[in-house]
Amino acid sequence: RQTMLFSATIPPEVQRLAAGILQSPLTIEIGEQNNPVETITQCVHAVGKDQKLDLLVHMLQNKSMYSVLVFSRTKHGADKIHRKLERAGIGSVAIHSGRSQAQRQRALDDFRSGKYQVLVATDIAARGIDVRGISHVVNFDVPNYAEDYIHRIGRTGRATAAGDAITFVSPGERDQLTRIERFIGSKIKLEEYEGFTDSHFTAV
């Protein structure tokens, strides 16, 4: 008998792949997958897809966000966010599967040391990230799976420290948000961001 160990950090697609390979697996679940850390403050900003980059830059320039992990759904998206932030004078670095292990490790080390204010990552590249003192997690794209939301926001609020989890939701991502709220058993507070006007703003 082979043993398959599942936890909240393993996404559903990986679990399905493992289930198709292992024979007569024994599934072991550790911890509550739908219980966000109590010290994390969660909120949602409803914003048009084309306005997300502008909102992110506005927030980083006008709010005390000193160590920020931004999640992008794709490699292309992560690089696009990184370039936008650099042009705005915001120190950032991106990690994803298109970067070598050495490049990813160097980026992590530089972010951990404070050289960069922002680390932009895809879900796969962010597996195993353990950086103390992350003040904010920003879900630039709403994750497709509710379990990934738990994994993402768990990067902040470590060891009883306070943290903020911010999610940008465009009109086309409402269904994903609904699944996340159903999974965690509560509504996430919807907030408008002071000083930012989005002509495409639509309430979620």
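In this text, all values refer to a predicted model and were calculated from it rather than measured experimentally.

Conventions we followed
Residues numbered from 1 in each chain as written. Predicted model: local features only at pLDDT ≥ 70, side-chain atom pairs only at ≥ 80, totals over all residues. Heavy atoms only, no water. Buried < 20%, exposed > 50% of the residue type's maximum accessible area, 1.4 Å probe, protein only. Helix = DSSP H or I, 4+ residues; strand = E, 2+ residues; numbered from the N terminus. Contact = heavy atoms within 4.5 Å. Pairing = 2+ DSSP bridges. Axes fitted to C-alpha atoms, helices over the stretch in contact; angles between N-to-C directions. Expected span 1.5 Å × (residues − 1). Arc of directions from axis to C-beta. Parallel < 35°, antiparallel > 145°, perpendicular 65-115°, else oblique. Left-handed = near helix turned anticlockwise from the far one by under 90°. Nonpolar A, V, L, I, M, F, W, Y, C, P; charged D, E, K, R; others polar. Salt bridge = Lys/Arg side-chain N within 4 Å of Asp/Glu carboxyl O.

Student: Just to check I follow, could you spell out helix α5 (residues 146-153) for this structure?
Tutor: Because an α-helix completes one turn every 3.6 residues, residues spaced three or four positions apart along the sequence face the same direction. With seven of its eight residues buried, α5 lies for the most part within the structure. Those residues of α5 hidden inside the fold are in contact with β3 (40-46), β4 (68-71), β7 (136-139), β8 (163-169) and α6 (174-184).

Student: What is the right way to read the sheet that holds β7 from this model?
Tutor: Adjacent strands of a sheet pair through backbone hydrogen bonds, lying either parallel or antiparallel. Ordered by their spatial adjacency, seven strands build an open sheet running β5-β6-β4-β7-β8-β3-β9, and the pairing between neighbours is parallel. Sheet topology places β5 (92-95) and β9 (189-190) at the edges, where each strand pairs with a single neighbour. Two strands pair when backbone bridges link them, and β7 and β8 are joined in this way by four bridges, in the parallel orientation. Bridging from a neighbouring strand, histidine 136 pairs with aspartate 164 of β8. Set on the sheet, helix α2 (residues 52-62) makes contact with β3, β4, β6 (118-121), β7 and β8; between it and β8 the angle comes to about 155°.

Student: Whenever I open this one, the environment of histidine 58 confuses me. Can you help?
Tutor: Along the chain, the position of histidine 58 falls in helix α2. In this structure histidine 58 comes out as buried when scored by relative accessible area, which is 18%. In this structure, the C-alpha to C-alpha distance between histidine 58 and tyrosine 193, residues 135 residues apart in sequence, is 9.4 Å.

Student: Sorry, what's going on with helix α4 (residues 101-113) here?
Tutor: For α4, which comprises 13 residues, the first-to-last C-alpha distance of 18 Å matches the rise-based estimate of 18 Å (1.5 Å per residue) to within 8%. All of the buried residues along α4 are Ala107, Leu108, Asp110 and Phe111. All buried residues of α4 project into a common sector of 165° when viewed along the axis, lining one side. Considering only its buried residues, α4 is in contact with β4, β5 and β6. Taken from the residues just after α4, glycine 114 is the one with a positive phi, measuring 95°.

Student: Before we go on, may I ask you to explain the packing of α2 against helix α3 (residues 75-87) in this structure?
Tutor: Angle between the axes and distance between the axes: these two values describe a pair of packed helices. In the contact formed by α2 and α3, the axes pass within 10 Å of each other and the chain directions differ by 45°. Our classification of the angle between α2 and α3 gives oblique. Relative to α3, the crossing made by α2 is right-handed. Across from Leu53, Asp54, Leu56, Val57 and Leu60 in α2, the residues of α3 making contact are Lys80, Ile81, Lys84 and Leu85. Grouping the amino acids of the contact of α2 with α3 by side-chain chemistry returns six nonpolar, no polar and three charged.

Student: So what exactly am I meant to see when it comes to the pattern of salt bridges here?
Tutor: Side chains that differ in charge, positive against negative, can pair when their charged atoms come close. Scanning all chains against the criterion turns up 10 salt bridges. The residue aspartate 141 makes a salt bridge to lysine 52 at a minimum N-O spacing of 4.0 Å. Here the residue aspartate 141 occupies a position in the loop between β7 and α5, and lysine 52 occupies one in helix α2, the gap between them amounting to 89 residues. Of the two residues, aspartate 141 and lysine 52, neither departs from the other in class, the shared state being buried. Where aspartate 79 meets arginine 99, a salt bridge forms, and the shortest distance between an N and an O atom there is 2.9 Å. One end of the pair, aspartate 79, is in helix α3; the other, arginine 99, is in the loop between β5 and α4, with 20 residues separating them in the sequence. Take aspartate 79: its relative accessible area is 18%, and that puts it in the buried class.

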